[in-house]
Amino acid sequence: MTTTDTDTVSHVSAQPRDKAMGMPRHHMMIFIALFAAMLVAPFVLYPVFLMKVMCFALFAAAFNLLLGFGGLLSFGHAAYFGMASYVSAHAAKVWGLTPELAILSGTLVAMVLGAAIGSLAIRRQGIYFAMVTLAFAQMVYFFALQAPFTGGEDGIQAVPRGDLFGILSTRPDRTFYYVVLAITFGGVLAIYRIIHSPFGQVLKAIRENEPRSISLGYHVNRYKLAVFVISAAFAGMAGATKALVFQLASLTDVYWTMSGEVVLMTLLGGMGTVFGPLLGAGIIVAMQNYFASFGAWVLIMQGIIFVLAVLLFREGIIGVLARWIKKPL
């Protein structure tokens, strides 16, 4: 071994191990802290509120995968969230499926719907892409309004939660809370792995410079369609889980304002960050829950917070924090 090789080995061995199991250590610590906090949270806060936060956190993380890392702004993600909610509720109430199968059925329908809409939407770019997704989402909304199985304006009510794998009863809120916790953390960790995979790196390259990615030989539209379908699937998983949490599927889940809310959550927390959408979802859902007595003023408050966040935190709350500590979050 030469002197140069020895110096190199010594330098590498002297460096602190910043990664554990393929994940930066500070990310690992944040995930562990979040999971530990959520384990004890239902003993302090209302479990249904916490489950709603987790469902929207997964929804925002799925949307952030498309916008923050794929560079594709969709105004129609409520289509996948809401339709999966309807399918999951129908599967549990009418077909009598167990919770895991009901959620899986909603997720699969959202994935198929995402493939159908995405294959057409990716033919356009920029604002045209956003408008196409919005148009398709409105079509899904009117379908949900007219289809017999959705219950129209009444929605699907009194959805049974059933027994997980036919064994564990999920009727108690606290029991079902831990099922939702497992689904949410599993989904967020899967999204994290996608972001940091070679596939995710190609997505970032396409987001930053699409013509150069094409010149390097990447089939850009295939990557766009793939991330669109993956994002729709995770959004559907969130919607399907929410239907069982509230035992209700309604037009609110598929309306265009739901697409606006997930955009707000992502931008408020920090687009293109891992933990930003989770924080953004927590803030917005907490405002809706604790300021509900103010009625329509909640929307004005959300608007004010959004304007302030855009003016003061151009990169989102987590984005600014990451810049301060000089570590990606």
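Predicted, not measured: the structure shown is a model, and the values here were computed from it.

**As for helix α12 (residues 276-290)**
Think of an α-helix as turning once every 3.6 residues; residues three or four places apart then point the same way.
Point 1. Across its 15 residues, α12 extends 21 Å between first and last C-alpha, which sits within 8% of the 21 Å expected from 1.5 Å per residue.
Point 2. Residues of α12 that are buried sit in contact with α2 (25-40), α3 (47-69), α7 (173-195), α11 (256-269), α13 (297-312) and α14 (317-325).

**Re the pattern of salt bridges**
Point 1. Applying the stated criterion across every chain, the model contains six salt bridges.
Point 2. The salt bridge involving R207 is made with E208; its shortest N-O contact spans 3.0 Å.
Point 3. Owing to a relative accessible area of 57%, E208 belongs among the exposed residues under this scheme.
Point 4. Among the ionic pairs, K224 bridges to E210, the shortest N-O distance being 3.0 Å. Linking K224 in helix α10 (residues 220-246) with E210 in helix α9 (residues 210-215), this pair joins segments that are 14 residues apart in sequence. By the burial criterion, K224 is buried, and E210 matches it.

**Considerations on the side chain of T133**
Point 1. Here T133 is to be found in helix α6 (residues 126-146).
Point 2. Relative accessible area serves as the criterion here: at 1%, T133 is assigned to the buried category.
Point 3. There is a polar contact of 2.6 Å between the side chain of T133 and the backbone oxygen of A130.
Point 4. In this structure, T133 is in contact with L73, S74, F75, G76, A121 and F228, ignoring residues within four places of it in sequence.

**Comments concerning the packing of helix α8 (residues 198-208) against α10**
Point 1. Relative orientation of the contacting elements α8 and α10 amounts to 115°, with a least axis distance of 10 Å. Put simply, α8 runs roughly perpendicular to α10. Once α8 is placed against α10, the crossing between them reads as left-handed. From α8, F199, V202, L203 and I206 reach across to α10, where they touch V220, Y223, K224, A226, V227 and I230.
Point 2. Of the residues that constitute the contact of α8 with α10, the class distribution is nine nonpolar, no polar and one charged.

**Focus on the environment of I305**
Point 1. Here I305 is to be found in helix α13.
Point 2. You can call I305 partly exposed: its relative accessible area is 30%.
Point 3. Sequence separation between I305 and I284 is 21 residues; the distance between their C-alpha atoms is 9.7 Å.
Point 4. If near-sequence neighbours (up to four positions away) are discounted, I305 is found in contact with L268 and M287.

**Things to note about unusual backbone geometry**
Point 1. Positioned with a positive phi, Q247 is a non-glycine residue whose angle comes to about 55°.
Point 2. Its location among the elements puts Q247 in the loop between α10 and β6 (248-249).

**Quick word on the side chain of T273**
Point 1. Within the element layout of this structure, T273 appears in the loop between α11 and α12.
Point 2. With sequence-adjacent residues up to four places away left out, T273 is seen in contact with N64, F69, I318, G319 and L329.

**A word on the packing of aromatic side chains**
Point 1. Within this structure, the stated rule accounts for 16 aromatic pairs.
Point 2. Relative to F81, the ring of F59 lies with its centre 4.4 Å away and its plane at 20°, an arrangement referred to as stacked. Taken as a pair, F59 in helix α3 and F81 in helix α4 (residues 78-93) lie far apart in primary sequence, 22 residues in all.
Point 3. When the ring of F143 is compared with that of F149, the centres are 6.5 Å apart and the planes differ by 55°; the resulting orientation is tilted.
Point 4. For F143, a relative accessible area of 45% corresponds to the partly exposed category.

Reading guide: rules and limits
Within each chain, residues carry numbers counting from 1 in the order of the written sequence. Confidence filtering applies because this is a predicted model: local features only for residues at pLDDT of at least 70, side-chain atom pairs given and counted only at 80 or more, and all residues used for totals across whole chains, interfaces and linings. To obtain the side-chain values, all non-hydrogen atoms of the structure were used and water was disregarded. By the criteria applied, helices consist of DSSP H or I runs no shorter than four residues and strands consist of E runs no shorter than two, each listed in order from the N terminus. Here, expected helix span is obtained from the residue count minus one, scaled by 1.5 Å. Contacts are assigned to residue pairs with any non-hydrogen atoms lying within 4.5 Å of each other. A carboxyl oxygen of Asp or Glu within 4 Å of a side-chain nitrogen of Lys or Arg is what we treat as a salt bridge. Relative accessibility under 20% of the residue-type maximum defines a buried residue, over 50% an exposed one, and the middle range a partly exposed one, all with a 1.4 Å probe and only protein chains included. Side-chain atoms alone can form a polar contact between residues adjacent in sequence; in general such a contact is a pair of N or O atoms within 3.5 Å, and within protein one must be able to donate a hydrogen while the other accepts it. To get an axis, a line is fitted to the C-alpha atoms, and for a helix only the part in contact is used. The angle between two axes follows their N-to-C directions and goes from 0 to 180 degrees. Oblique is the label for any angle not under 35 degrees, not over 145, and not in the 65 to 115 range, which are roughly parallel, roughly antiparallel and roughly perpendicular in turn. The handedness criterion is simple: a crossing whose near helix is rotated anticlockwise from the far helix by less than a right angle is left-handed, and one whose near helix is rotated clockwise is right-handed. Residues are grouped as follows: Ala, Val, Leu, Ile, Met, Phe, Trp, Tyr, Cys and Pro are nonpolar; Asp, Glu, Lys and Arg are charged; every other residue, Gly included, is polar. Centres within 6.5 Å are what make two rings of Phe, Tyr or Trp a pair, Trp counting through its six-membered ring; a difference in plane orientation under 30 degrees is then read as stacked, over 60 as edge-to-face, and the rest as tilted.

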